[in-house]
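Residue-level structure breakdown
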Amino acid sequence: MHALLFLCFVAFVRGQFDTSVMRHYLDLSFARYDHTPMDGVIEEVEWDSTVYKDDANNDTCVNVIEYANAHTCPKKLDLFHHYDHNQDSCLKVGDLSEEFHSIDFNNDNIVSLKEWEDYFIQLTRHLFPTFGTAPGK
Ligand SMILES: [Ca+2]
Ligand SMILES: [Ca+2]
Ligand SMILES: [Ca+2]
């Protein structure tokens, strides 16, 4: 859920940057998710376990206020709605699980670095429509 947040911040500050910079930030975030086991791929349990980090009152629902308080990304509300797959205004494991399967392009239940980069580069372009296009082009 935090995967895009650095990227979001940098995109906002700089307005645009190229794909190699995006990949650099995505590689850093990938490494943060890949911890148990640290095996070069992200398993669903590694991804799902991050959901409740932002759950300030421990009611197993991350609502939009908790999410907004935890993040500085200017597009965080768009991100919240992106992640809230069943649109109940709560982020839960079920939402994260659906998201995981969206990232897992080849459906082998693990997310490789390439799947991670491809997915989040596309999502960043979606959130920042002008992103990556030089002015005047
Ligand atoms: Ca792993
Ligand atoms: Ca939800
Ligand atoms: Ca995969």
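It should be emphasised that the depicted structure is a prediction, and the values quoted were computed from it without experimental measurement.

Definitions and cut-offs
- Residues numbered from 1 in each chain as written.
- Chains lettered and ligands numbered in written order.
- Predicted model: local features only at pLDDT ≥ 70, side-chain atom pairs only at ≥ 80, totals over all residues.
- Buried ≥ 20, exposed ≤ 12 C-beta atoms within 10 Å, placed from the backbone.
- Helix = DSSP H or I, 4+ residues; strand = E, 2+ residues; numbered from the N terminus.
- Arc of directions from axis to C-beta.
- Contact = placed C-beta atoms within 7 Å.
- Expected span 1.5 Å × (residues − 1).

1. Description of helix 6 (residues 93-103)
Inspection of helix 6 places Asp95, Leu96, Glu99 and Phe100 among the buried residues, and these make up the whole buried set. Down the axis of helix 6, the buried side of the element spans an arc of 140°, and every buried residue falls inside it. Those residues of helix 6 hidden inside the fold are in contact with helix 3 (44-48), helix 5 (76-83) and strand 2 (110-111).

2. Section: helix 7 (residues 113-127)
Spanning 15 residues, helix 7 covers 21 Å between terminal C-alpha atoms, matching the ideal 21 Å at 1.5 Å per step. Listed in full, the buried residues belonging to helix 7 are Trp116, Phe120 and Thr124. Buried residues of helix 7, viewed axially, fall in a sector of 55°; they line one side. Of the exposed residues in helix 7, the ones pointing more than 90 degrees away from its buried face are Lys114, Gln122 and His126.

3. Quick notes on the environment of His24
Among the secondary structure elements, His24 is positioned in helix 2 (residues 19-33). Judged by the 13 C-beta atoms lying within 10 Å of it, His24 is partly exposed.

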